[in-house]
Structure formats: structure tokens, C-alpha cells
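# A structural walkthrough
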Amino acid sequence: MSRKKKVVIVYDEASLDISSELELALNGKISDQVREAMQDTSTISLVEQVETISEVLIEYGYSVSTVITSSDIKQMTDKLQSEKPDLVFNFCESIEGNSFQEMNVAGLYELLNIRYTGSNPLTLGSCLDKVRTKQILSFHKIGITPFRVFVSPDEVVRKKLRFPVIAKPIHEDASIGISNSSILHDRDTLQRHLAELLKKFSQPILVEEYIEGREFNVAIVGTEELLALPVSEIDFSTMPDGYNHIVSYEAKWIPESIEYKNTVPVCPARISQRLQKKLQSTAMRAYEVMGCRDYGRVDMRVDKNGNVFVLEVNANPDLSPSGSGFARSANAFGWTYGQLINNIVESAFKRHIA
Ligand SMILES: Nc1ncnc2c1ncn2[C@@H]1O[C@H](COP(=O)(O)OP(=O)(O)O)[C@@H](O)[C@H]1O
Ligand SMILES: [Mg+2]
């Protein structure tokens, strides 16, 4: 009998502790009690996720172990090498909360010549940069929203803009820096908002045309041969007046908030066959031109004329068994969570480029 293939799950303990990000987003207003509760839940959920993935992989015949990322690179490298993995299941989004390190961790697998799930460092880094993503997509004639980048609020008077716009920090994700007040309707409010964001995040601010309309995402599995899972929609129809129809930070992370309760994912989305095909094919093109591998998720908006705009390509999307859009889409396709994970692993094993 042949030896079992060994999969090592690499994850980052700090990546799911969102309390410090929450603090930044809410201007430092979170209490110790809330922080502790969040740390507890995020740690428990991370441990549960890793345990679930381990169980699934064992069920599919792999031998499994885990490695936690660390800023002590020597220790992490030694541990990885001593495990002799046939494949790393790359579950790492950052090192100690720094998402720029996500691509470098993938670079470490490259240097060590270890095959791993998901995209390579170039793709991970490009997808994390919202402007670079837009440049690549627009080169390939994929719909993006017109945008400007601001390093000072004073630039507002000079730049041509079509209102309303949405403003967001250029290097963040997970809706950090996006709130109900991120949609701006005139130059004065934009200038004030930019001053606040620039001060708070110390990075350039991306300002793009706000697309009024429905929001969809498409999860994709595979590399040379792609499979688009059923389209998912964020339903904003119950959002009360005064709240913008966007997935703000509150909508993504604060279950008690009005925004969270009124951004309901619906999968499969109730849309025509034609729109479904259009969204899936746009998502697959965006995935391909960004160089994504094994799995990824593309976020899109559709305006009133049916034009599709890609908001972003997530090369390393959330895969948690309960609650992630990815697991929901796989379920709508008829896959168990185990089938989803196994398909990602098989995609990583069978593609030509390690
Ligand atoms: N141009 C836009 N038009 C309309 N809504 C937008 C636009 N850009 C972002 N949004 C809203 O903000 C949310 C988060 O933006 P996104 O660019 O996906 O950043 P993140 O990386 O933080 O998820 C989106 O899910 C969407 O609801
Ligand atoms: Mg997004």
C-alpha cells in the first residue's frame, strides 16, 4: 500500500483576532470586556476551523499536522521542513496581524520548494493592492469602477470626480475603514472624510464611483479547469432608510449592528440564467487574469443597466466551515464541506505549477 500523503495546515493565530482592527475602525472605543469576548470567540472559531479541516483531510485519506506561523522565521522554517509535507494547506492571511506578510509566507513555501494550496506570492500581493488589481482588470477589459487615489484632502479641488463616490483605504481589506459615512455626495464632505481617513490609516485613500445596485460574489475552485460555484447575493432590501447598501465594517463584523442584520447573503442568488452566466464568466476571467489558483472569490456590483463591475478579487478568501460565503456556495452546489476542502487539495496536487 502506498504511503499516505502528508498535508500540513499552516495558520496564523493572530489573524482572526480582529479586536485591534475593530478598535481602529471604531476610534478606540471598545471595552476590555468586548475585546476579551472577541478574542475568545475568534480563537475558538479558528481552532474549530483547523480541527474541522484536519478531520476532513484525514477522512479523505491524508495524514495531517499543523504549523502556526510565527515572526520567528527560523523556527517556522525548521518546523515546516521537519514535517516534510507533500502539501501545505495555506490557511495563513498574515503574520501577527500584518496582511502584507501573507504573500511572503507563500514565498517561503516557494523557497523551500513545498507545494501549497492557493495563489502564489505575486497574485496574493497584487490582489491585496486594490489599485493594482483595477489596473490589471481594466487592461483585460473587465469592468471596474473609475477611481482616483488621494494622498491629501486638498487634491479634491483639482481632481475630476463623478459623485456619489465611496472612499476606502488602499491597503486594507475585510471592510476596514468602510462605514455608513463612506459614501460621499459632494466635494466638501469628501474633503472632510479624506482628512479623517488619511489621519487614521496613514496610507493613500482610494475614491471610486459608487455603484448603486445589487452586490454579488462568485466563489471559484480550480486552476487550469475552473468551476464557478452558484452566485451569491448580499440582500440589502431590509436595510432601513439612512443606511447605505454596502458591506461596511459593522455589516461584516458586528452581529448586533443594524448593518449586520440587514446584509443577508442569499445563495443561490435569485437571478436570471443570463445574469448568472455573465457574473460567473466575469468572475472566472478576473480570477484568471489575476493568476489565482485552486480557490478564490470575486466580489461584484451590477448597475441599473446591467453592467457588471468587479470590486475586488479575493485570492485568499475566508473558508470557514460555518458562516463563510465560500462554504455556503459549495453547499448550494451540493458539496459537503469535506468535498470543498478535498477539491481545493486535489486542485493543488494536480496543477502543473507547484
Ligand atoms: N464602487 C463601489 N460601489 C458600491 N459599493 C462599493 C464600491 N466599493 C466598495 N463597495 C462596498 O464596500 C464593500 C467593501 O469593499 P471592498 O472593495 O470589497 O473592500 P474590502 O476589501 O474591505 O472587502 C463592498 O462589499 C461593497 O458593499
Ligand atoms: Mg470585499
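Our structure is the block above this text.
What you see is a predicted model; the values in this text were computed from it and never measured.

## Observations regarding the environment of Asp299
- Structurally, the position occupied by Asp299 is in strand S12 (residues 295-302).
- Here Asp299 falls in the buried class, since 21 other C-beta atoms lie within 10 Å of it.
- Separated by 135 residues in sequence, Asp299 and Pro164 have C-alpha atoms that sit 20 Å apart.
- Discounting chain neighbours no more than four positions away, the residues touching Asp299 are Asn217, Leu311, Glu312 and Asn314.

## Describing the nonpolar core
- Ranked by internal contacts, the top residues of the largest apolar core, which has 77 residues, are Ile9, Val218, Ala283, Ala286, Met300, Val310 and Val313.
- Sort the elements by how many residues they give to this core and helix H12 (residues 337-350) lands first, with six residues.
- Leave out the neighbours within four places in its chain, and Val313 touches Cys127, Thr133, Ala286, Tyr287, Met290, Cys292, Gly296 and Val298.
- Formed by seven residues, the second largest nonpolar core is a distinct cluster that contains Ile234, Ile246, Val247 and Ala251.

## Focus on helix H11 (residues 325-333)
- All of the buried residues along H11 are Gly325, Phe326, Ala327, Ser329 and Ala330.
- For H11, the secondary structure elements touched by its buried residues are strand S8 (214-222), strand S10 (232-235), strand S11 (264-266), S12 and H12.
- Just downstream of H11, Gly334 is the residue with a positive phi angle, here 100°.

## Considering the site of ligand 1
- If you check the shell around ligand 1, you find 18 residues, and the closest are Asp173, Ser175, Ile211, Ile246 and Val247.
- Broken down by secondary-structure element, the contributors of at least two residues to the shell around ligand 1 are strand S7 (205-209), S12 and strand S13 (308-314).
- Tallied by class, residues from the shell around ligand 1 come to eight nonpolar, two polar and eight charged.

Parameters at a glance
- Residues numbered from 1 in each chain as written.
- Chains lettered and ligands numbered in written order.
- Predicted model: local features only at pLDDT ≥ 70, side-chain atom pairs only at ≥ 80, totals over all residues.
- Helix = DSSP H or I, 4+ residues; strand = E, 2+ residues; numbered from the N terminus.
- Buried ≥ 20, exposed ≤ 12 C-beta atoms within 10 Å, placed from the backbone.
- Contact = placed C-beta atoms within 7 Å.
- Core = buried A, V, L, I, M, F, W, Y, C linked by C-beta atoms within 7 Å.
- Near = placed C-beta within 6 Å.
- Nonpolar A, V, L, I, M, F, W, Y, C, P; charged D, E, K, R; others polar.

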